[in-house]
Amino acid sequence: MKVQRAFSLLVAFVMSSKTSAALASSHNSTYTNPILPGWHSDPSCLFVAEENNTFFCTTSSFLTFPGIPIYASQDLRHWKLVSNVFTRPEQVPEIANSTSQTQQDGLWASTIRYRNGKFYLVTSYASTYPSFKVVSGFLFTSTNVYSDDSWTDPVRFAIRDIDPDLFWDDDGTAYISRAGIVQQTIDLKTGVLGPETKIWGGTGSATPEGPHIYKRDGWYYLMISEGGTELNHRVTIARSKKVSGPYEGYSGNPILTNSNTTEYFQTVGHADLFQDGDGNWWGSALATRSGPAWRVYPMGRETVLFAVTWEEGEWPILEPVQGQMTGWRLPRPSKGEGIPGKGAYVDAPDRITFGPGTSIPRHFLYWRIPKEGSFTVSPPESPHSLRLLPSSQNITGTGIPGVDVNETDITLITRRQSHTYFTYSVDITYAPTEAGEEAGVTIFLTQDQHIDLGIVLLSSGGNLVPHVRFQTTLLNDLDTLATQNVTVPGTVVAPLPSLSSKEIRARLQVQAKDDTHYILSATLHEDKQFEFTQTVEAVLVSGGTGRFTGTLLGAYATSNEGSGSTPAYITQWQYEGQGQKIS
């Protein structure tokens, strides 16, 4: 296997025979996919010359909070998180009210656009329990994309399906198109929609969705995705002389897919097109690093980049997605201070000590909206730490509707796994006193599907003894486990040695040395001889109940429905990416 690793040689690829003559004859740049590694599905991107010649992309966030991340780049290679659109619970209160039975609910597939000094972002909230429905459409705006606070409370609109697109015609009329390839006018101040018109049926594949409209050379081009967001995913296109149609499909469809190939990047689709400052066309799409076996892909759907050749009056030609790509000459960053804001670059390491006066990093994520007070940076009793107050429910939870509004609250704080090879660890200080109290680290896909390593207080010989516990949660078994000879490991428990203090100081670590297994380990600061290690297959957090999401790495604290309330303190949080597998 060819692997992109630190200090290793770059792999070489031969360009596809579909490469356009214009692209092949230019002095091209090479770059590697994915450009937004880790769970970054359903991308929408654009270029804004007025914002210091900067590119912006957004991706789906589903149930995570803060939600709807906005990334910025000036060279299409280095992407920085500059804001989150959804940072205030009152913007989308549905997130807090969803239950643990609805693991795929939330904000799906936004479109970001820019017009007359303002950013517009449209999205929808989808609910999957007990059956699929779209609760509402949302329109957010901002005049300062680098500020979380600048994003408005949403204008709601009564969309009936997912994947809204926003397009303005030459006369200023705004249109929303959505899955099912239905179009309506929209009043951007009130959210009032006009009558629905079905403008295209696609090419006959399943689930036509993800529409985007572009006007070029007197034609309206309608690009959609079909085939479902799995191995048959594909991008198709049609065009019309009128925005309302009728649209005529391209005879060369699909214009982008890796279906029925041996490429490592699969499920390619949900694309968006945009131009750079030189007028060159580019596209973004989602893809899964799984190969055609589509078995091991813990990071889920990621964002990839490809070059587009679009001659006047012709159909666009999209470069097939691979790990190493050749495209137009990549832009150089503008002179000055670069990308504003305090967010992290997507491939940056974490070396966080939670000092006084600092805050929780922008790229950290919660599963739903956390209970107030659950997380405190540098509390008075333990400066230079992050205090976690335990939730009654563990990170699986019950989430029974109507029982208790707090049933959905879990004390879990995470970041995306953004590298194939990585080491993640937390140093934890913990002194549990009540049976069942637990704090640890997790490889988290959904509440129904996660792998945990925790310190837990258990009864042993009539006494309460701290233990290290490894366990997996697969409430809904993966569809393919029985046919893939996957062994689901049982729970493993090991008592900690007697220590001079009731306060446990430990390092809990997750490491991926290859692309198919994780190694979880626990060591004690006081007893260097103690070490607990467990290896587990990454297929356990690939697909299943998290087929739309990707792995999050994080820390949790819970009383496991007991009476305990002992906080846990994280004194070091570290994540180091050590390479990407791209072929």
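Residues numbered from 1 in each chain as written. Predicted model: local features only at pLDDT ≥ 70, side-chain atom pairs only at ≥ 80, totals over all residues. Heavy atoms only, no water.

Draft legend 1. Examining the sheet that holds strand E18 (residues 234-240) more closely. Taken in spatial order, the 4 strands make up an open sheet running E16-E17-E18-E19, and their pairing is antiparallel. Each edge of the open sheet carries a strand with a single partner, namely strand E16 (209-216) and strand E19 (248-249). Pairing analysis gives 7 bridges linking strand E17 (residues 219-226) to E18, with the strands arranged antiparallel. Bridge assignment links serine 225 to a residue of E18, and that residue is valine 235. (Pairing = 2+ DSSP bridges. Helix = DSSP H or I, 4+ residues; strand = E, 2+ residues; numbered from the N terminus.)

Draft legend 2. Local environment of the state of the cysteines. Counted under the stated rule, the structure contains 1 disulfide. Between the sulfur atoms of cysteine 45 and its disulfide partner cysteine 57 the distance amounts to 2.0 Å. One disulfide, between cysteine 45 and cysteine 57, carries an S-S torsion of 110° and so falls in the right-handed class. Of this pair, cysteine 45 sits in strand E3 (residues 44-48) while cysteine 57 sits in strand E4 (residues 54-58); the two residues are 12 residues apart in sequence, bridging distant segments of the chain. (Disulfide = S-S within 2.5 Å.)

Draft legend 3. Structural detail: the side chain of histidine 467. Relative to the helices and strands, histidine 467 is located in strand E33 (residues 463-474). From its side chain, histidine 467 meets the backbone oxygen of valine 465 in a polar contact 2.7 Å long. (Polar contact = N/O pair within 3.5 Å; in protein donor to acceptor, adjacent residues only side chain to side chain.)

Draft legend 4. Quick peek at the side chain of asparagine 33. Position of asparagine 33 among the secondary structure elements: in the loop between strand E2 (29-32) and E3. A polar atom in the side chain of asparagine 33 sits 2.8 Å from the backbone nitrogen of leucine 305. Residues contacting asparagine 33, with those up to four places away along its chain left out, are Phe265, Val304, Leu305, Val321, Gln322, Gly323, Met325 and Ile582. (Contact = heavy atoms within 4.5 Å.)

Draft legend 5. Summary view of the environment of asparagine 53. Within the secondary structure layout, asparagine 53 lies in the loop between E3 and E4. As for asparagine 53 and alanine 158, which are separated by 105 residues in sequence, their C-alpha atoms are 35 Å apart.

Draft legend 6. Quick peek at the layout of surface pockets. Volume-wise, the largest pocket comes out at about 620 Å³. Around the largest pocket, the lining is made up of 20 residues, and of these Arg113, Tyr114, Phe167, Ile213 and Tyr214 lie nearest the centre. Those elements that provide at least two residues to the lining of the largest pocket are E3, strand E8 (106-115), strand E12 (165-168), E16 and strand E20 (265-275). Classifying every residue of the lining of the largest pocket by side-chain character gives 12 nonpolar, 1 polar and 7 charged. (1 Å grid on protein atoms, 1.4 Å probe; cavity = no way out; pocket = protein on both sides within 12 Å on 5 of 7 lines; lining within 4 Å. Points joined across faces, edges and corners; volume = space filled by probe spheres on them. Nonpolar A, V, L, I, M, F, W, Y, C, P; charged D, E, K, R; others polar.)

Draft legend 7. Inspection of empty space enclosed by the protein at higher detail. Following the criterion strictly, the structure yields 3 cavities of 30 Å³ or more and no others. Roughly 130 Å³ of internal volume is contained in the largest cavity. Taken together, 13 residues line the largest cavity, and the ones lying closest to its centre are Tyr71, Tyr345, Val346, His363 and Arg416. Residue-level mapping places the lining of the largest cavity at the junction of two domains, with at least three residues from each of domain 1 (29-327) and domain 2 (350-579). What the second largest cavity holds in volume is close to 60 Å³. Forming the walls of the second largest cavity are Thr229, Glu230, Thr267, Thr288, Trp294, Tyr297, Gly300, Arg301, Arg547 and Phe548. In the lining of the second largest cavity, the residues fall into 3 nonpolar, 4 polar and 3 charged. (Domains from an automatic or database assignment.)

Draft legend 8. Region of the structure containing the environment of threonine 566. Summarising the element assignment, threonine 566 is placed in the loop between strand E38 (552-558) and strand E39 (568-581). Its relative accessible area of 13% is what places threonine 566 among the buried residues. Distance in space between the C-alpha atoms of threonine 566 and leucine 389 is 7.0 Å, their sequence separation being 177 residues. (Buried < 20%, exposed > 50% of the residue type's maximum accessible area, 1.4 Å probe, protein only.)

Draft legend 9. Fine view of the domain arrangement of the protein chain. Along its sequence, the protein chain is carved into domain 1 (29-327) and domain 2 (350-579). Computed from C-alpha atoms alone, the centre-to-centre distance between domain 1 and domain 2 is 33 Å. Between domain 1 and domain 2, the residue contacts involve 41 residues of the former and 43 residues of the latter. When the two sides are added together, the surface that domain 1 and domain 2 hide from each other amounts to roughly 3,400 Å², 55% of it contributed by carbon and sulfur. Here domain 1 and domain 2 share 2 salt bridges between them. Counting across the domain 1 and domain 2 interface gives 14 residue pairs in polar contact (both at pLDDT 80 or more). If you list the elements that add at least two residues to the side of domain 1 that touches domain 2, you get strand E5 (64-65), strand E6 (67-73), strand E7 (80-86) and helix H2 (94-97). It is E7 that contributes the most residues to the side of domain 1 that touches domain 2, 5 residues altogether. (Buried area = accessible area lost by both parts, 1.4 Å probe. Salt bridge = Lys/Arg side-chain N within 4 Å of Asp/Glu carboxyl O.)

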